[in-house]
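# Notes for the structure review
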Amino acid sequence: MPWQKEDAIKCALSWGQLENLPEKAEIISMEKRGSIFTRQFIIEFESSESEIKKWMQQSKGFQNNIPKIRKNTKVYEIHPKSLQSYGGRVEITGNKVLINMSWS
């Protein structure tokens, strides 16, 4: 359902203290996992590199966060202490972004 998609995106973004996706972002894939006791959202999108950079600058989850570099991918571990969620990671490769946030 479309409303569930929007709710899942909002939830994953809030768990990672991330701003709304770039306006022209194209969602490539989206997956929800978990049970009553756990929840995981995996969202992959594409946007221009300049829009991704702007999104990162506006997102609290990236502040003072140094990525690990794996091949051509920047991996940001995001675990907000102020939230009760587990957090997760964001992987950025060129103009593709993979958000993987969990709660348990």
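It should be emphasised that the depicted structure is a prediction, and the values quoted were computed from it without experimental measurement.

Glancing now at the pattern of salt bridges. Taken as a whole, this structure holds 3 salt bridges when the rule is applied. Salt-bridge contacts for Glu31 lead to Arg33; the nearest nitrogen and oxygen are separated by 2.7 Å. In this structure Arg33 comes out as partly exposed when scored by relative accessible area, which is 40%. Residue Lys96 is joined to Glu46 by a salt bridge in which the shortest nitrogen-to-oxygen separation is 3.9 Å. Of the two residues, Lys96 sits in strand β6 (residues 96-103) while Glu46 sits in strand β2 (residues 39-46), which places them 50 residues apart along the sequence.

Counted by the stated rule, this structure contains 4 aromatic pairs. Ring geometry for Trp15 and Phe41: centres 5.5 Å apart, planes at 40°, overall tilted. Separated by 26 residues along the polypeptide, Trp15 in helix α1 (residues 2-15) and Phe41 in strand β2 bring together distant segments of the chain. Judged by centre distance (4.9 Å) and plane angle (85°), the ring pair of Phe62 and Tyr76 falls under edge-to-face.

To continue, consider the pairing of strand β1 (residues 26-34). Two strands pair when backbone bridges link them, and β1 and β2 are joined in this way by 8 bridges, in the antiparallel orientation. Pairing of Ser29 across the sheet is with Glu44, part of β2. Between β1 and β2, which pair antiparallel one after the other, the connecting turn spans 4 residues.

Of note, Ile43 is situated in strand β2. Sequence-wise, Ile43 and Ile28 are 15 residues apart; in three dimensions their C-alpha atoms are separated by 7.8 Å. When near neighbours in sequence (up to four residues on either side) are disregarded, Ile43 contacts Ala8, Ile9, Ala12, Ser29, Met30, Val97, Leu98 and Ile99.

Of the residues in the protein chain, 93% reach a pLDDT of 70 or more, and the chain-wide mean stands at 90. No element of the protein chain has a lower mean pLDDT than α1, which averages 83, and none a higher one than helix α2 (residues 49-58), which averages 96.

What counts and how
Residues numbered from 1 in each chain as written. Predicted model: local features only at pLDDT ≥ 70, side-chain atom pairs only at ≥ 80, totals over all residues. Heavy atoms only, no water. Salt bridge = Lys/Arg side-chain N within 4 Å of Asp/Glu carboxyl O. Buried < 20%, exposed > 50% of the residue type's maximum accessible area, 1.4 Å probe, protein only. Helix = DSSP H or I, 4+ residues; strand = E, 2+ residues; numbered from the N terminus. Phe/Tyr/Trp six-rings, centres within 6.5 Å; stacked < 30°, edge-to-face > 60°. Pairing = 2+ DSSP bridges. Contact = heavy atoms within 4.5 Å. pLDDT = per-residue confidence, 0-100.

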